[in-house]
Amino acid sequence: METGHRLMLALGMLAGSAGLCANPLPPGGSVWLPDSHPQIVGTWIDSSSDSFYLTEYVGGSEPWRNLNGSVETVVTRSTTDNTLNFYWRVTLNSGSDVPANNFFSFSVENFLHTAFSFDVGWVPDNGASLQSVSRIGTLSGGCTLQADCAVFDFPSYSQPFSGTSWFFLDTDATQYDRGGHVVVKDGMAIDSPPVISTFRPVSGASSTSVPAR
């Protein structure tokens, strides 16, 4: 698709190296300061870019904040074992307010299929660094749509938050569809959190296997 090609050019050439430097994310586990990788890894096979908007109330002299931006998603395939990597990045628009306390959170839901293993990490660039990831097993613990989700936290200590670095889940899946969701979270939002469809790993005869290219 043309959108994907534009996004691929923005990312630069995707590396065909062996594996990602990442931390395992088991059920109920958390990773503090996940490993980083210098670039996106694998052969690009799909991508999307979706907008979001939310309003938060923080009080004080500027009580209302309006956040708007986009969530980019990229799926790559390993050149060594044909498995899939899923990348995301959140970017605020130039006219957007910044989140309260320069803190941003993002969850990946309807994604963590029990048949697969997941490693987590991020790619340093100009966005906020990934500080921690937690795999939450309950809705009350941070998941919005379904128990067993991954929550990514991005504090921005040194500069106003403008977006995140690329962050990823490295899987041992070989097939995918667009049945997953990402939820843009903010603890002071008065709106329901924006929910955006995203790619996810799948298995079984009903899914479509996408060949490497």
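Chemist: Would you mind showing me how to read the overall build of the protein chain here?
Modeler: When helices and strands are counted, the protein chain shows one helix and 12 strands. When the helices and strands of the protein chain are placed in sequence order, the string is α-β-β-β-β-β-β-β-β-β-β-β-β. Across the 213 residues that make up the protein chain, the buried fraction comes to 51%. For the protein chain, the share of sequence-separated contacts (at least 6 apart) that also reach a separation of at least 24 residues comes to 72%.

Chemist: Looking at this structure, I do not really get the pairing of strand β9 (residues 149-155). What am I missing?
Modeler: Successive residues of a regular strand alternate their side chains across the two faces of the sheet. Most of β9 sits out of view: seven of its seven residues are buried. In the sheet, strand β6 (residues 103-109) pairs with β9 via six bridges, with the strands oriented antiparallel. Counterpart to serine 105 in the pairing with β9 is aspartate 153. Pairing between strand β8 (residues 132-136) and β9: five bridges, direction antiparallel. The partner of arginine 135 across the bridge, within β9, is alanine 150.

Chemist: Quick question: what am I supposed to make of the sheet that holds β8 here?
Modeler: Note: strands within a sheet are paired through backbone hydrogen bonds, in either parallel or antiparallel orientation. Spatially, β2-β8-β9-β6-β11-β12 is the arrangement adopted by the six strands of the open sheet, whose pairing is antiparallel. Every interior strand has two partners, whereas the edge strands, β2 (30-32) and β12 (195-202), have only one. In this sheet, adjacent strand axes meet at a mean angle of 20° when their direction is disregarded.

Chemist: Honestly, the environment of proline 34 in this entry has me stumped. Any pointers?
Modeler: By the element assignment, proline 34 lies in the loop between β2 and β3 (43-57). Using a relative accessible area of 6% as the deciding quantity, one classes proline 34 as buried. Taking the C-alpha atoms as reference points, proline 34 and serine 129, 95 residues apart in sequence, are found 9.7 Å from one another. If near-sequence neighbours (up to four positions away) are discounted, proline 34 is found in contact with Asn23, Val120, Gly121, Trp122, Leu130, Gln131, Ser132 and Val133.

Chemist: It is not clear to me how the packing of aromatic side chains should be interpreted in this structure. Could you clarify?
Modeler: In this description, an aromatic ring pair is defined by two values, namely the gap between the centres and the angle between the planes. Per the counting criterion, the structure on display carries 11 aromatic pairs. An angle of 85° between the planes, with centres 5.1 Å apart, marks the rings of phenylalanine 86 and phenylalanine 111 as edge-to-face. Taken together, the residues span a long stretch of sequence, with phenylalanine 86 in strand β5 (residues 84-92) and phenylalanine 111 in the loop between β6 and β7 (118-123) at a distance of 25 residues. Of the two residues, phenylalanine 86 and phenylalanine 111, both sit in the buried class. Of note, arginine 178 hangs over the ring of phenylalanine 199, and the distance from its end group to the ring centre comes to 5.0 Å.

Chemist: Just checking my understanding: could you explain empty space enclosed by the protein for this structure?
Modeler: A probe matching the size of a water molecule, rolled over the atoms, marks out where space remains unfilled. Across all of its chains, the model carries one cavity of 30 Å³ or more by this definition. Taken as a whole, the largest cavity encloses approximately 30 Å³ of empty space. Contributing to the lining of the largest cavity are Asn126, Gly127, Ala128, Ser156, Gln159, Pro160, Phe161, Ser162 and Gly163. Residue composition of the lining of the largest cavity, grouped by class: three nonpolar, six polar and no charged.

Chemist: What is the right way to read the environment of proline 155 from this model?
Modeler: Inspection of the secondary structure assignment puts proline 155 in strand β9. For the pair formed by proline 155 and leucine 130, sequence separation is 25 residues and the distance between their alpha carbons is 7.7 Å. Excluding residues that lie within four positions of it along the chain, proline 155 makes contacts with Asn102, Phe103, Ala128, Ser129 and Gln131.

About the thresholds
- Residues numbered from 1 in each chain as written.
- Predicted model: local features only at pLDDT ≥ 70, side-chain atom pairs only at ≥ 80, totals over all residues.
- Heavy atoms only, no water.
- Helix = DSSP H or I, 4+ residues; strand = E, 2+ residues; numbered from the N terminus.
- Buried < 20%, exposed > 50% of the residue type's maximum accessible area, 1.4 Å probe, protein only.
- Contact = heavy atoms within 4.5 Å.
- Pairing = 2+ DSSP bridges.
- Axes fitted to C-alpha atoms, helices over the stretch in contact; angles between N-to-C directions.
- Phe/Tyr/Trp six-rings, centres within 6.5 Å; stacked < 30°, edge-to-face > 60°.
- Lys NZ or Arg CZ within 6 Å of the ring centre and 35° of its normal.
- 1 Å grid on protein atoms, 1.4 Å probe; cavity = no way out; pocket = protein on both sides within 12 Å on 5 of 7 lines; lining within 4 Å.
- Points joined across faces, edges and corners; volume = space filled by probe spheres on them.
- Nonpolar A, V, L, I, M, F, W, Y, C, P; charged D, E, K, R; others polar.

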